[in-house]
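# Examining the three-dimensional arrangement
Chain by chain, the residues:
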Amino acid sequence: DVKVTQSSRYLVKRTGEKVFLECVQDMDHENMFWYRQDPGLGLRLIYFSYDVKMKEKGDIPEGYSVSREKKERFSLILESASTNQTSMYLCASNPIITGIDTQYFGPGTRLTVL
Amino acid sequence: SQQGEEDPQALSIQEGENATMNCSYKTSINNLQWYRQNSGRGLVHLILIRSNEREKHSGRLRVTLDTSKKSSSLLITASRAADTASYFCATGLYNTDKLIFGTGTRLQVFP
């Protein structure tokens, strides 16, 4: 079974802190994704990576950056956390197989910024 | 950008009843997928239907796709309390590995 893990289930940070959210997948998938999920807004794509050191902005990249130094690990970075970044963050991965883009999700990190 | 819109936003039924959720989307798609999310957890893939398919079954799940109306429906037959969750549709587009998710339907099944 594919396993996607996220470093924390719950995280509380203060405004202005630098925050790292880590995601690891064990299935050698090329693609990895970071989403945030807010009530009534569904899942919105923050960043997408299709290979090591490669990244692409999603729909809401402002205030976030990402790092992918190894294929299995994709990090989301909040350079200076703000209260409007309080949200559920979901990581996902999938392999590059033409026509099959099912994503495998981690359990999520609920981040609260005070 | 929001592609999928689910309807209804929330649905409450009794065990044994069928639950139907609908999804509408805006652009041409390669496939449409349905995911389930238990409260406070990640999403789990349920079923994928390709743009050239009209209906697909998996256990108690039945998905239909009408590309002319840009809509899909998910039917859960003989629902159980354990089906209580949020359900999301996601559209897969051509020439990209990204998915666009809808806003979800919250299903509550009462025992």
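Residues numbered from 1 in each chain as written. Chains lettered and ligands numbered in written order. Predicted model: local features only at pLDDT ≥ 70, side-chain atom pairs only at ≥ 80, totals over all residues. Heavy atoms only, no water.

## Looking at the sheet that holds strand β8 (residues 73-78) of chain A
Residues and elements named next belong to chain A.
- Spatial ordering of the open sheet is given by β1-β3-β8-β7, a layout of four strands whose pairing is antiparallel. One side of each edge strand has no neighbouring strand; the edge strands of this open sheet are β1 (4-6) and β7 (65-70). Neighbour-to-neighbour, the strand axes of the sheet open up by a mean angle of 20°, direction not taken into account.
- Bridge count between strand β3 (residues 19-25) and β8: six bridges; the pairing is antiparallel. Within β8, the position partnered with Val-24 by the bridge is Arg-73. (Pairing = 2+ DSSP bridges. Helix = DSSP H or I, 4+ residues; strand = E, 2+ residues; numbered from the N terminus. Axes fitted to C-alpha atoms, helices over the stretch in contact; angles between N-to-C directions.)

## Some thoughts on the state of the cysteines
- All chains considered together, the criterion is met by two disulfides over all chains.
- For A:Cys23, the disulfide goes to A:Cys91, at an S-S distance of 1.9 Å. Its S-S torsion of approximately -75° makes the covalent link between A:Cys23 and A:Cys91 left-handed. Here A:Cys23, found in strand β3, pairs with A:Cys91, found in strand β9 (residues 87-94); they are 68 residues apart in sequence, far enough to count as distant. Accessibility assignment for this pair places A:Cys23 and A:Cys91 in one class, buried.
- At a sulfur-sulfur separation of 2.0 Å, the disulfide partner of B:Cys23 is B:Cys89. Handedness of the B:Cys23-B:Cys89 disulfide follows from its S-S torsion of about 65°: it is right-handed. On the criterion of sequence distance, the pair formed by B:Cys23 in strand β3 (residues 19-24) and B:Cys89 in strand β9 (residues 85-92) is long-range, its members being 66 residues apart. (Disulfide = S-S within 2.5 Å. Buried < 20%, exposed > 50% of the residue type's maximum accessible area, 1.4 Å probe, protein only.)

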